[in-house]
Amino acid sequence: MRKIGILFITVFCLFACKSNSTQISLEGELKGLTNDTLYLYGTDALYDRIDTIYAQEGKFSYNLNVDSTVIDTLTATVLLINGNVEYPLFLDKGNQIKIKGNANDLSHLDIDGNEPNTSLSLFMKEQKSLGQASNKMMQEKAETFIQQHNSSLASIYLLDKYFVQIPQPDYTKIKEITESMTGALLDRPYIENISDYIDQLEKVTVGKSAPYFSLPNKKGEKLSRSAEKFRDKYLLLNFWASWCDQPSEANTELKKLNKEYKRNKNFAILGISLDIDKKAWETAISKDSLNWEQVCDFTGLSSETAKQYAILTLPTNILISPTGRILARDIKGEALTNKLKELLKTEEKKSGRTNR
């Protein structure tokens, strides 16, 4: 199970096209693939398009015809292999893309046909030669690549993979890296989106006031963090969605906390869903026995509350103090358990002193 990256949904769009041809050819060989179906789908100009590619004995050949009004710039797509492996692929009109690899090891493919594909292939090949490299080492390698290829679409992909789509991203570092990119990249939607995200995140970091919201629960009642049932309590906001394939351990953890502190007058949990389908939302609540208060306005990724709290991935927990200050972001597991024990124990001591 994996966390869903919200920002990555609106990813790439780059550079002017130099070819008059509206056709892109793909030719590949993946040893060990035999007869299979591959899928190619877009992430920007081709977002709603999915192309099916049929492989025979591991080989495939496909011509992608594109309207010049749909794709007139180098664009990013994703090649879906074996039904679950997503591999980045960059396309431009007139490109002749060649793909080679092994279906038993899809961590690296040799792809050429334009600069981003070639340079990223070299990076991935070097990564493979490093074996089990640490996250820190890969970040250093990715940062060096970006500095050396500061006008390449591949740099945006590596920025997202190694710095954005990780637990507790360092947005100061991300901002520093994006500033090293050229103007052509800085004007792209992804960089604009992440810059806006960083600006918003700075408003809701630890120590800042939690933004106000008012969202309906299953009964249609509007709830806010200052509602009577949450007033003067530590409040854990759990942002989630039924469609995000939420890890079972996340729900298990929350159910355990809810069971332990359900009667505690100093703590409460509030689930904020980014669902768009009411039935799917209600089914998920019932199926997973999410017995704490749940709210949803069914605006999905357009949720103003998610934007206010700078939510990048699902699920995400945000812990708020009784005075409305943000105490922790992206907190879970042992860190969350220990934090709550510490806070609630302190509140019990305060109550004991007050009662004496």
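Residues numbered from 1 in each chain as written. Predicted model: local features only at pLDDT ≥ 70, side-chain atom pairs only at ≥ 80, totals over all residues. Heavy atoms only, no water.

Side note on the confidence of the model for the chain
When pLDDT is averaged across the chain, the result is 86; 87% of the residues are at 70 or more. Predicted confidence for residues 8–20 stays below pLDDT 50, and this span has 44 contacts to residues more than four positions away or in other chains. (pLDDT = per-residue confidence, 0-100. Contact = heavy atoms within 4.5 Å.)

Examining the sheet that holds strand E9 (residues 96–102)
Pairing is mixed in the open sheet, where four strands are placed in the order E6-E3-E9-E10. The open sheet terminates on both sides in strands that have one partner only, identified here as strand E6 (59–65) and strand E10 (105–112). Geometrically, the sheet is characterised by an average inter-axis angle of 20° between neighbouring strands, direction not taken into account. With seven bridges joining them, strand E3 (residues 23–31) and E6 adopt antiparallel strand pairing. Considered in E6, the bridge of Gln23 is made with Asn65. Running at roughly 145° to E10, helix H1 (residues 115–129) makes contact with E9 and E10 of the sheet. (Pairing = 2+ DSSP bridges. Helix = DSSP H or I, 4+ residues; strand = E, 2+ residues; numbered from the N terminus. Axes fitted to C-alpha atoms, helices over the stretch in contact; angles between N-to-C directions.)

So, the nonpolar core
In a soluble, globular protein the nonpolar side chains are often hidden away together inside. Among the nonpolar cores identified, the biggest contains 77 residues, and Leu38, Ile99, Leu159, Leu237 and Tyr309 are the most heavily contacted of them. Ranked by residues supplied to this core, first place goes to helix H3 (residues 153–164) with nine residues. Apart from residues no more than four positions distant in its own chain, Ile99 is found in contact with Glu27, Gly28, Glu29, Leu30, Phe60, Leu79, Leu89, Leu109, Asp110 and Ile111. Trp240, Tyr261, Phe267 and Leu343 belong to the second largest nonpolar core, which has 21 residues in total. (Core = buried A, V, L, I, M, F, W, Y, C linked by side-chain atoms within 4.5 Å. Buried < 20%, exposed > 50% of the residue type's maximum accessible area, 1.4 Å probe, protein only.)

Overview of the pattern of salt bridges
Overall, the coordinates contain eight salt bridges when judged by the stated rule. Lys173 is paired through a salt bridge with Glu143; the nearest N and O atoms lie 3.4 Å apart. Residue Lys173 is found in helix H4 (residues 171–178), and its partner Glu143 is found in helix H2 (residues 135–148); the two are separated by 30 residues along the sequence. For Lys173, a relative accessible area of 22% gives the class partly exposed. Accessibility expressed as a relative area gives 16% for Glu143, which makes it buried. In this structure, Lys229 and Glu293 form a salt bridge, with 2.7 Å as the shortest nitrogen-oxygen distance. Of this pair, Lys229 sits in the loop between strand E12 (222–223) and strand E13 (234–240) while Glu293 sits in strand E15 (residues 293–295), and the two are 64 residues apart along the sequence. For Glu293, a relative accessible area of 21% translates into the label partly exposed. Each member of the salt-bridge network shares a partner with another, and the members are Glu143, Lys173 and Glu176. (Salt bridge = Lys/Arg side-chain N within 4 Å of Asp/Glu carboxyl O.)

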